[in-house]
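# Topology and contacts: notes
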Amino acid sequence: METERPVPAESNRRRIIAAATRLLAEQGREAVSTRAVSAAAGVQAPTIYRLFGDKQGLLDAVAAHGFASHVDEKAGLELTGDPVEDLRRGWNFNTEFGLANPALYTLMYAQPSPGNPSPAAVAALEILAAHIHRIAEAGRLRIDEARATHLVHAVGGGTTLSLIATPEDRRDMSVSHLAREAVIAAITTEAPATPPPGPAAAAVALQALLPRTGALTAGERALLTELLDRISATPDEPA
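Before going into details, it helps to say that this report is about the structure given with it. Quick caveat, the model's predicted, so the values are computed rather than measured.

This brings us to the pattern of salt bridges. Tallied over the entire structure, the rule returns 8 salt bridges. One salt bridge connects Asp86 with Arg134, and the closest N-O pair in it is separated by 2.8 Å. You can see Asp86 sitting in helix 5 (residues 83-100) and its partner Arg134 sitting in helix 7 (residues 119-137), a full 48 residues away along the chain. Taking relative accessible area as the criterion, Arg134 reaches 23% and is therefore assigned partly exposed. Linking Glu226 and Arg230 is a salt bridge whose minimum nitrogen-to-oxygen distance equals 3.5 Å. With Glu226 and Arg230 both in helix 11 (residues 218-232), this residue pair falls 4 residues apart, about one helical turn. In this structure Glu226 comes out as partly exposed when scored by relative accessible area, which is 46%. Classification of Arg230 by relative accessible area gives exposed; the value is 52%. Taken together, the salt bridges that share partners define one network made up of Glu85, Arg88, Arg180 and Glu181.

Rules of the game
Residues numbered from 1 in each chain as written. Predicted model: local features only at pLDDT ≥ 70, side-chain atom pairs only at ≥ 80, totals over all residues. Heavy atoms only, no water. Salt bridge = Lys/Arg side-chain N within 4 Å of Asp/Glu carboxyl O. Helix = DSSP H or I, 4+ residues; strand = E, 2+ residues; numbered from the N terminus. Buried < 20%, exposed > 50% of the residue type's maximum accessible area, 1.4 Å probe, protein only.

Listed below in structure tokens is the structure:
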């Protein structure tokens, strides 16, 4: 008599994540219990603990999987020659994703552990930082990259969560548009900049381009970075 072949761990992992994702979308986070997921995936509960450690590990995996799918879709948005417009389109895409997948978006962003963001949230910040870096390279970033990234992340995520919490028949999408434009105005300069951007914006742009040059020693690069940080943190004075 043939013995039943063991199911590969990766196959079990995919089935479990798919089952948990379905439960999350259809019934909300509270429905994603170890018992419910194991029954939906056709596995024993110990399998979930072995593969994910605990329920939070499973939820992190679901969020990471959902975010990966979101990134794949976002990759279809081709970059243009205007990095600010690309940021605007990315904001809109993020809002649409959140409203289409409210339970998943809330899982990704609404319940962070202090000082311990989820893997999905970390990945989202890295992608956003790359968009902000393009704006800095273009000489259009008004503040330093780290602050700009966190500002866009905080306001964009908060706005989307607020819209998710609002009954659909009462949602005002202009709130997202107004928040987006307010943030863009706070972190960017006009293009082309006339007159040329002030010292702070120029320092941010130069700092973004430093990795492209090999003309500096490590010590020189560190000193210049410190000086540029100091300049970019000081608001430009009116001409």
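Continuing now.
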